Amino acid sequence: MSEPDLLFPPGFRWGVATAAFQIEGAWDADGKGPSNWDTRAHRPGGLAGGATGDVACDHYHRLTEDLDLLAGLGVDSYRFSVSWPRVQPAGRGRWNGRGLAFYDRLVDGLLARDIEPMLTVYHWDHPQPIEDAGGWADRDTAARFADYAEGLAARFGDRVTRWITLNEPLSVMHAEMTGPPEAPVRRHGLRVAHHLLLGHGLAVPRLRAQAPHGEIGISLNLAGMTAAGEHPHDVAAAARAEVYEDRLFLDPLLRGEYPRLDDRPVIEADDADRAVIAAPLDFLGVNWYAPARIAASTSGVFGYTRVPWPGTSTNLLGWPVAPELFGALLTWLRARYPDAPPIHVTENGFPAVDEPDVTGSVQDLRRVTYLRACLREVSAAVEAGSDIRGYHVWSLLDNLEWEHGYRPRFGLVHVDFATLARTPKASYRWYRQLISGQPRDRKEGSACSG
Ligand code: GBH
């Protein structure tokens, strides 16, 4: 059945997203070096349930099957990431030809199926030698990252439609501040944030030079902050949360300066760095999962904490299920950054423990309900004037949910991690139908059915 409230303008891009560490497996195949996440997974007590990325979805060896799942969905765009240690194991210097060849097969396989490649340069896995040198706490990592990005653009720039420098620098900063449970907490959060942004800014002109026809952006995880009450402490806490999360990357990227508290920028940076970071972008990637309700707290590093939303359920990962607040975030974004580039929703998804029923089908109806409600918000925002050009579901496949291991499933396609069998879920069929019912002038630019 077509969904009249979910009709988008012709040319709107429909897609799904994944990330290398979460699906590829083949962790030491064909010359790949270990990543920071391999090292973390291989430590005792590393990831929940003893999970590793050694095999994951074995996407590396099942590429054709997964490309065909994409084609079967009818998506216009596929967002994937490149594993840095697969293509440049030491994080500098020598390139690994066999690793690069895998991404050639991926990109060419997408183009052969009429799907636009959206390439994330960095989705959290970096070569272990980079980690050993201090990771993002070390300013030199920004330069290493820009070299790496340029190398990818030299290789794939002729074929990749959209480039995303970084995925969710805020999540990288938070991981640095909380640390894996067995490691001492490192408090370099804001320094890490600045180096990530610097790496991004250094990469942008080099991507442009090598990939002149590609669009360049960055993906930020945004929430939208609501104060827990009217008490001034909570109102101030919500403002701090906005500064230390939603505005921490948006302001330097789009306005050339870090947000201020008590009349001081939360990160002191010189003019040269700020100019590098504010390099013009072709699009802004927005990852959205849940809004945040904020109260004052002395336990949080920045004086605030998330509190439960009364009367709102939570999902498997404890995040509030409030799709109706996606619209509030999009409205805030448009009001606060009127000169922002066009938006692509680069992730939106719902975690659950999906298992096949006795007939073998996976009825993930809560996911369908959630995604549909989120898309209604996107549609309303477009109607209201937001320039939103595309939408990607997280994720194509159930995969390795980082420290949470394999239990939370986000896929439109179920993966049995014992057999690696793929089974499209109800949400896959729903999304396919939604896409196929959209006005079609987006492929070949002809045959507009009006
Ligand atoms: C993304 O991160 C990642 O890009 C992706 O790799 C990952 O698999 C996917 O999303 C699913 O997790 O408890 O209310 O405070 C998600 C980033 C940031 C989303 C924190 C939820 C907090 C919810 N997350 N956010 S709450």
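Residues numbered from 1 in each chain as written. Predicted model: local features only at pLDDT ≥ 70, side-chain atom pairs only at ≥ 80, totals over all residues. Heavy atoms only, no water.

## Comments concerning the overall build of the protein
Then, number 1: When helices and strands are counted, the protein shows 14 helices and 15 strands.
Then, number 2: Its C-alpha atoms give the protein a radius of gyration of 21 Å, near enough to 22 Å, the size a compact globule of 450 residues would have.
Then, number 3: The 450 residues of the protein split such that 58% are buried.
Then, number 4: Of the contacts formed within the protein by residues at least 6 apart in sequence, a portion of 77% connects residues at least 24 apart. (Helix = DSSP H or I, 4+ residues; strand = E, 2+ residues; numbered from the N terminus. Rg over C-alpha atoms; globule rule 2.2 N^0.38 Å. Buried < 20%, exposed > 50% of the residue type's maximum accessible area, 1.4 Å probe, protein only. Contact = heavy atoms within 4.5 Å.)

## So, the sheet that holds strand 6 (residues 225–227)
Then, number 1: Across the sheet, three strands lie side by side as 6-10-11; this open sheet has mixed pairing. Every other strand in the sheet has two partners, leaving strand 6 and strand 11 (304–306) as the edge strands with one partner each. Taken over all neighbouring pairs, the strand axes of this sheet differ in orientation by 40 degrees on average, direction set aside.
Then, number 2: Note that strand 6 and strand 10 (residues 292–296) share three bridges and pair parallel. Bridge pairing in strand 10 links Ala227 to Ile294. (Pairing = 2+ DSSP bridges. Axes fitted to C-alpha atoms, helices over the stretch in contact; angles between N-to-C directions.)

## Some points on the side chain of Arg409
Then, number 1: Residue placement: Arg409 occurs in the loop between strand 13 (388–394) and strand 14 (413–415).
Then, number 2: On the basis of relative accessible area, Arg409 is assigned to the buried category, the value being 8%.
Then, number 3: The residues contacting Arg409, other than those within four sequence positions of it, are Phe350, Pro351, Ala352, Asp354, Glu355, Arg367, Asp398, His414, Val415, Phe417 and Lys425.

## Regarding the UniProt feature "binding site: substrate" (unreviewed entry) in the protein
Then, number 1: Sites flagged by UniProt as "binding site: substrate" (unreviewed entry) map to Gln22, His123, Asn167, Tyr289, Trp394, Glu401 and Trp402.
Then, number 2: Looking at the secondary structure, you find Gln22 in helix 1 (residues 20–23).
Then, number 3: Those residues in contact with Gln22 that sit more than four places away from it in its chain are Ala56, Cys57, His123, Trp394, Asn399, Leu400, Glu401 and Trp402.
Then, number 4: Relative to the helices and strands, Trp402 resides in the loop between strand 13 and strand 14.
Then, number 5: In contact with Trp402, other than residues within four places in its own chain, are Phe21, Gln22, Trp37, Leu47, His123 and Trp124.
Then, number 6: A distance of 3.2 Å separates the side chain of Trp402 from the side chain of Gln22, its partner in a polar contact. (UniProt positions renumbered as here; feature names shortened; annotations may be inferred. Polar contact = N/O pair within 3.5 Å; in protein donor to acceptor, adjacent residues only side chain to side chain.)

## Let's talk about helix 3 (residues 63–73)
Then, number 1: Along helix 3, the residues that are buried comprise Leu63, Asp66, Leu67, Leu69, Leu70 and Leu73. All buried residues of helix 3 lie within an arc of 155 degrees about the axis, which places them on one face of the element.
Then, number 2: Positive phi shows up at Gly74, right after helix 3, with a value of about 85 degrees. (Arc of directions from axis to C-beta.)

## Structural notes on the UniProt feature "active site" (unreviewed entry) in the protein
Then, number 1: Mapped onto the present numbering, the UniProt feature "active site" (unreviewed entry) falls on Glu168 and Glu347. A maximum C-alpha distance of 10.4 Å among these annotated residues, which run over 180 residues, shows that they cluster at one spot.
Then, number 2: Its location among the elements puts Glu168 in the loop between strand 4 (162–167) and helix 8 (169–178).
Then, number 3: Residue Glu168 is classed as buried on the basis of its relative accessible area of 7%.
Then, number 4: Not counting the four nearest positions on each side in its chain, Glu168 is found in contact with Trp124, Ser219, Asn221, Asn287, Tyr289 and Glu347.
Then, number 5: For Glu347, the contacting residues outside a window of four places in its chain are Ala17, Arg79, His123, Asn167, Glu168, Val286, Asn287, Trp288, Tyr289, His392 and Trp394.
Then, number 6: Within the structure, the side chain of Glu347 is placed 3.0 Å from the side chain of Arg79, a separation counted as a polar contact.

## Observations concerning the pattern of salt bridges
Then, number 1: In total, this model carries 35 salt bridges according to the counting rule given.
Then, number 2: Here Lys425 ties to Asp398 by a salt bridge, and the two come within 2.7 Å at their closest N and O atoms. Here Asp398 lies in the loop between strand 13 and strand 14 and Lys425 lies in the loop between strand 15 (422–424) and helix 14 (426–436), a separation of 27 residues in the sequence. Summarising the burial analysis for this pair, Lys425 and Asp398 share the class buried. (Salt bridge = Lys/Arg side-chain N within 4 Å of Asp/Glu carboxyl O.)

## Side note on the site of the ligand
Then, number 1: The local shell around the ligand holds 16 residues, among which Gln22, Arg306, Trp319, Glu401 and Trp402 are the closest.
Then, number 2: Within the contact set of the ligand, an oxygen atom lies 3.4 Å away from a side-chain nitrogen or oxygen of Trp319.
Then, number 3: The protein chains hide 82% of the 580 Å² of surface that the ligand would expose on its own.
Then, number 4: Grouping the amino acids of the shell around the ligand by side-chain chemistry returns seven nonpolar, five polar and four charged. (Near = heavy atom within 4 Å. Areas by Shrake-Rupley, 256 points an atom, 1.4 Å probe, with all protein chains shown as cover. Nonpolar A, V, L, I, M, F, W, Y, C, P; charged D, E, K, R; others polar.)

## Things to note about the packing of helix 13 (residues 365–383) against helix 14
Then, number 1: Contact pair helix 13 / helix 14: the axes reach a minimum separation of 8 Å and the direction vectors enclose 30 degrees. Compared by their axis directions, helix 13 and helix 14 come out roughly parallel. Read as a crossing pair, helix 13 and helix 14 show a hand that is right-handed. Note on element contacts: helix 14 touches helix 13 through Ala426, Ser427, Trp430 and Leu434, opposite Leu365, Arg367, Val368, Leu371, Arg372 and Leu375. (Parallel < 35°, antiparallel > 145°, perpendicular 65-115°, else oblique. Left-handed = near helix turned anticlockwise from the far one by under 90°.)

## Structural notes on the sheet that holds strand 4
Then, number 1: Within the closed barrel, the eight strands sit side by side as 1-2-3-4-5-9-12-13. Their pairing is parallel. Neighbouring strand axes in the sheet, compared pairwise and without regard to direction, differ in orientation by 25 degrees on average.
Then, number 2: Across five bridges, the pairing between strand 5 (residues 215–221) and strand 9 (residues 283–287) is parallel. Along strand 9, the bridge assignment pairs Ser219 with Gly285.

## Thoughts on the environment of Ala236
Then, number 1: Mapped onto the elements of the fold, Ala236 is located in helix 10 (residues 232–255).
Then, number 2: Sequence separation between Ala236 and Ala295 is 59 residues, and the spatial gap between their C-alpha atoms is 8.7 Å.

## Here's the deal with the environment of Val368
Then, number 1: Following the sequence through the fold, Val368 ends up in helix 13.
Then, number 2: Exposure remark for Val368: the relative accessible area of 8% places this residue in the buried category.
Then, number 3: With 344 residues separating them along the chain, Val368 and Glu24 place their C-alpha atoms 26 Å apart.
Then, number 4: The residues touching Val368, leaving out its near neighbours within four places in the chain, are Ala426, Ser427 and Trp430.

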